[in-house]
Amino acid sequence: MDLARSLVRPGARFGAVLLASLAAACSGAEPTAPGQSPPDDAEQQPPDTRPPPDPEPPAGAPIDVQRYDVTGAFDWSRGRLVATVAMTLLPGDEGLRSLRLDSAVAEVKAVRLAGGADLPYTVDAELGALRVDVSRVPGIAADRAITLEIDYEAAGSEALRPIPAHRGDPAASRAVYTVSEPLNAALWMPCHNTPEDRAVFSIDLGMDAQETMIANGTLVSDEQGASGRRMKYATDYTVPIYLMAFAVGDFEVESTMKGSLPVSVWHRRGAAGDYGRLLDEVVRSIGVFEGLLVPYPFEKYAVVLLPELNGGIENLGISFQSELASTAPTSFEDLRLTIHEIGHQWFGDLVTVKSWDDLWIKEGMATLLSHEGARVYLDESGEGTLNGDAFTAVEGQPIVAPDRAPEDKYTSGPYGRAAWLLTQIRSLVGEASFWGTLRDVLDAHRFGAIGTDEFLDAFARPLGPDAAARARRAVRASALPRVELGPSPSGGVLATLRDPDGALVAPIDLLWIADDGTARSQVLELDQGVDVAPQREGELLILDPLDRHVSWSYVFDSSEDASSHEARLSSFRLPRSPSQIARLLDAGGAHQTAVLGIGLPEPVTPDAFAAFLDALDAEAAKGKAVAAACVRAADPALDPALRAAWSSALAPLLAGPPYAHWTEFTPWLEYGACGEVVDALALYADEWSALAAGPPAGDLSDAHLSFLYDFELPLETALSAWGNVARQSSSLRARALAMTRLRAEVDRARPEDLPALRAFFSEIVTSTEVFYVLYEAIDGLRRTKAPTAAENAEALAALSQQLREASTTPLDGWAVCVAFELTQGDAAAWSEFLGGLDGAELSADAAAMIANPSRC
């Protein structure tokens, strides 16, 4: 799973605001995330009057569910899944008298033995438990399967997400889908909610005639009738409970084949995206992983793009991904998410985890695989760097955290830190042994589960006893290693490594390369100062030459006293001669990207820049090189002739078409300085005109729009181009991006520009209820407010109209607060605003803010 902890993934520019900013802007009016209503109904169930079951016997063999067969339909009028689950299970020693199942559904209506009579049961809403009395079931035995049929209703929740059609959404259709990891399956289906209890799964649901369903397994029936459509999917293999999933909506399907494997992308009808390229990347990535691991294990692979989903989740054979983070596969952030979920089909789906303390096995492997699958873009040289620099690590977030609840374990620990540990192991055992051991793990635990000790045991022999012991310690290390920097007698930097918790398995080493290509190594010994300094003229420093460790920014002493020493160390890494540039170009994409993050090497001149760019081995390195060149060229102290030379060198590289891949691969880089070097208004005149014209000419790719985002325009052009994207784009992501861009215009607008911006935001407020777009529009009204209520009349009318709409949004409470702010203390204007809401069905948040505006 790759679920962002904010509303949108990092790299989506409009994601930096939203809920956190909203809470700050209006204390007490923070909205619930879209589509995630709390399952209050579970606690409103009438008391159960049936007799409680007899006490349970002492623990023994646990319940073992063998299959779940769900039949039902989602009732949109009531917001509930009305269903029956037939659960076939072995009671085990624990369930001979009373079966304890996990259930937080809104209502359990009946429980019976298949083909038999009703069974007594009790519901404990507080514990999320369903207890079924099976003491009178004839012939019950621990190893004899029984089938229970449970009639129930599940309300919309964070696990069962009914997303209605929204005004202002270019794909204005509804969808309902499940998100169960880690423990939310019990919110939409009574179950045995433990990851290692895998079971066969089928689901048979009714829906409207124009809708379709995607679920795990094979489509076994699809029937149209007078009451609509009915579809059924079924697996003939076991699935972890948290990966059983379905989605229903008016979907379009783009498809291809990888040999005999069907590969598809499902998206809401009319939702724009680069689906052909997405399919290409899925097919390519599956091929990469099949070469490294074992053949793809399931009957299909589908990427299902869904509204109001954060990040992605690797449901078996059908990864669910956010519409706002998956439509631009040429962008690394989108590509990384897609490849991450594909990697889970082997680690997480084919082989799952025994407990949530073992989460790191599947998430660490998927994180490692997401970068391995993108190697063609990260390191075209294929020189063997291991992508460690791409992983994240945060102090105090261990790989295994037994003291955290399952839902709180999703930190950098089981993701980036776990991938870092695996990469250290990989560097020590070598490529053949690393991938061979993983293949052995997949074969030995196929359609099963694995725990931490078993997984590390698999590497014990190739690692050897000392390194294996370090790996066992590293999974529980909380503190990060630290490299303390200070002055050295040689004029270099004295580096001292500290590792209090034992996070390191492999050494941290340095490589010095001289002008003639000869090399020498240094190793940072624990608690011993190492003098890091060149010994020969022209030596270039490569930190962590195997790229097996996280970025040095995570481990360097970050104190103010150390900053000058870090700068000194960086100076050893930045080429200062043509021969050092040649050494850097030989070092591989990861090192090129890291060095260009420091700056553009001084010897790179305008006339040599295109050749330098072409020689780089990573798309990210190329993007950083261009951004750094623009910063250099924009320096006001630069000689005008040299600035003109840089402008001439950069313009053709930035112009296209076709655009260089790096512009879309790294749109998150700060290309804004390039607008000071080239005339962005003229260079991209065709794009600005197309955007102003609207669809279809103005439907540029989401990745390309993200690149154009950085360039400042005259306000009139910005409103014309980005304004039409916000109004008319067939991509919801593009609309949200355009709104963020125009809201940013407020910060540099002149006072005389504010009325035009305020009028635009007022227009958008009245035309949409899509969270990501509406948030930016309401915030735009707040930022452009005039000194008097009279001048804000258009904005107040827009907010009033939004609040009077039949459907409510999570932003309604904040809209009231902004309206109160726009009245500028004018009691009559506030009273008039409230009068306009008479008879409107307001949300609870809106009503609370109206009753007490001081909470705003």
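Parameters and conventions
- Residues numbered from 1 in each chain as written.
- Predicted model: local features only at pLDDT ≥ 70, side-chain atom pairs only at ≥ 80, totals over all residues.
- Heavy atoms only, no water.
- Helix = DSSP H or I, 4+ residues; strand = E, 2+ residues; numbered from the N terminus.
- Rg over C-alpha atoms; globule rule 2.2 N^0.38 Å.
- Buried < 20%, exposed > 50% of the residue type's maximum accessible area, 1.4 Å probe, protein only.
- Contact = heavy atoms within 4.5 Å.
- Areas by Shrake-Rupley, 256 points an atom, 1.4 Å probe, with all protein chains shown as cover.
- Lys, Arg positive; Asp, Glu negative; His and termini not counted.
- Charge placed at Lys NZ, Arg CZ, Asp CG, Glu CD.
- Polar contact = N/O pair within 3.5 Å; in protein donor to acceptor, adjacent residues only side chain to side chain.
- Pairing = 2+ DSSP bridges.
- Core = buried A, V, L, I, M, F, W, Y, C linked by side-chain atoms within 4.5 Å.
- Axes fitted to C-alpha atoms, helices over the stretch in contact; angles between N-to-C directions.
- Disulfide = S-S within 2.5 Å.
- Phe/Tyr/Trp six-rings, centres within 6.5 Å; stacked < 30°, edge-to-face > 60°.
- Lys NZ or Arg CZ within 6 Å of the ring centre and 35° of its normal.
- Salt bridge = Lys/Arg side-chain N within 4 Å of Asp/Glu carboxyl O.
- Expected span 1.5 Å × (residues − 1).

A. Quick peek at the overall build of the protein. Along its length, the protein carries 28 helices and 27 strands. Rg of the C-alpha trace for the protein: 29 Å, near the compact-globule value of 29 Å for 856 residues, within the 12% margin. Here the C-alpha coordinates of the protein stretch approximately 90 × 75 × 50 Å along the principal axes. With 856 residues in all, the protein has 58% of them scored as buried. Restricting the contact set of the protein to residue pairs at least 6 apart, pairs at least 24 apart contribute 72%. When the accessible area of the protein is evaluated, it comes to approximately 31,300 Å², of which 51% is carbon and sulfur surface. Computing the positive centroid from 68 side-chain charges and the negative centroid from 122, the protein places the two 2 Å apart.

B. Representation of the environment of glutamate 539 within the structure. Position of glutamate 539 relative to the elements: it lies in the loop between β26 (529-532) and β27 (540-543). The buried category is assigned to glutamate 539, whose relative accessible area is 3%. Distance from glutamate 539 to threonine 330, taken between C-alpha atoms, is 37 Å for residues 209 residues apart in sequence. Within the structure, glutamate 539 has its side chain in polar contact with the backbone nitrogen of glutamine 535 (distance 2.7 Å).

C. Molecular detail of the pairing of β26. Residues of β26 alternate between two faces, with Val530 and Val532 buried on one and Gly529 and Asp531 left unburied on the opposite face. Sheet analysis places strand β23 (residues 493-498) next to β26, joined by four bridges and oriented antiparallel. Counterpart to leucine 494 in the pairing with β26 is aspartate 531.

D. Layout of the nonpolar core. Tyr68, Trp188, Trp360 and Phe455 are the most contacted members of the largest nonpolar core, which has 159 residues in total. The leading source of residues in this core is helix α7 (residues 413-429), at eight residues. If you look at the next biggest cluster of nonpolar residues, it comprises 87 residues, including Val604, Val770, Phe771 and Phe833.

E. Region of interest: the sheet that holds strand β8 (residues 160-163). Pairing is antiparallel across the open sheet formed by four strands, whose spatial order is β8-β9-β14-β11. In the strand order of this sheet, the two ends are held by β8 and β11 (212-215), each with one partner. If you compare each strand with its neighbour and ignore which way they point, the axes differ by 10° on average. Summarising the sheet, strand β9 (residues 175-178) and strand β14 (residues 246-249) pair through three bridges and their orientation is antiparallel.

F. Geometry of the environment of isoleucine 150. If you trace the backbone, isoleucine 150 turns up in strand β7 (residues 146-155). By relative accessible area, isoleucine 150 is classed as buried at 0%. As a C-alpha pair, isoleucine 150 and lysine 109 span 41 residues in sequence and 7.5 Å in three-dimensional space.

G. Up close: the state of the cysteines. Enumeration according to the criterion identifies two disulfides in this entry. Each sulfur in the disulfide pair cysteine 630 and cysteine 674 lies 2.0 Å from the other. Disulfide cysteine 630-cysteine 674: torsion about the S-S bond near 95°, hence right-handed. A residue pair is termed long-range when its members are at least 10 positions apart, and cysteine 630 in helix α15 (residues 619-633) and cysteine 674 in the loop between α17 (661-665) and α18 (680-683) qualify at 44 residues. Taking the relative accessible area as the measure of exposure, cysteine 630 reaches 1% and is therefore buried. Of the residues examined, cysteine 674 reaches a relative accessible area of 0% and is grouped as buried. In the protein, the bonded cysteines, taken in the order they occur along the sequence, pair up as 1-2, 3-4.

H. Structural context of the packing of aromatic side chains. In the structure shown here, the tally under the stated rule is 34 aromatic pairs. Between tyrosine 296 and tryptophan 346 the ring centres are 5.7 Å apart and the planes differ by 75°, which places this aromatic pair in the edge-to-face class. You can see tyrosine 296 sitting in the loop between α3 (275-292) and β17 (301-306) and its partner tryptophan 346 sitting in the loop between α4 (332-343) and β20 (351-353), a full 50 residues away along the chain. Across this residue pair, the class does not change: tyrosine 296 and tryptophan 346 are buried. Taken together, the ring pairs in this structure connect Tyr237, Phe289, Tyr296, Phe298, Tyr301, Trp346 and Phe447 into an aromatic cluster. A cation over a ring is seen here: arginine 741 above tyrosine 709, with NZ or CZ 5.4 Å from the ring centre.

I. Spotlight on the pattern of salt bridges. Considering all chains together, one arrives at 54 salt bridges under this definition. A salt bridge links glutamate 484 to arginine 498; its shortest N-O distance comes to 3.3 Å. With a gap of 14 residues between them, glutamate 484 in strand β22 (residues 482-487) and arginine 498 in strand β23 connect regions that are remote in the sequence. Arginine 498 gets classed as partly exposed once you look at its relative accessible area, which sits at 30%. Linked by salt bridges that have partners in common, Asp75, Arg78, Arg80, Glu107, Lys109 and Glu153 make up one network.

J. Quick look at α7. With 17 residues, α7 extends 22 Å from end C-alpha to end C-alpha; this agrees with the ideal 24 Å at 1.5 Å per step. Judged by how many residues are buried, α7 sits mostly within the fold: 16 of 17 residues are covered. In the stretch just after α7, glycine 430 is the one whose phi turns positive, near 90°.

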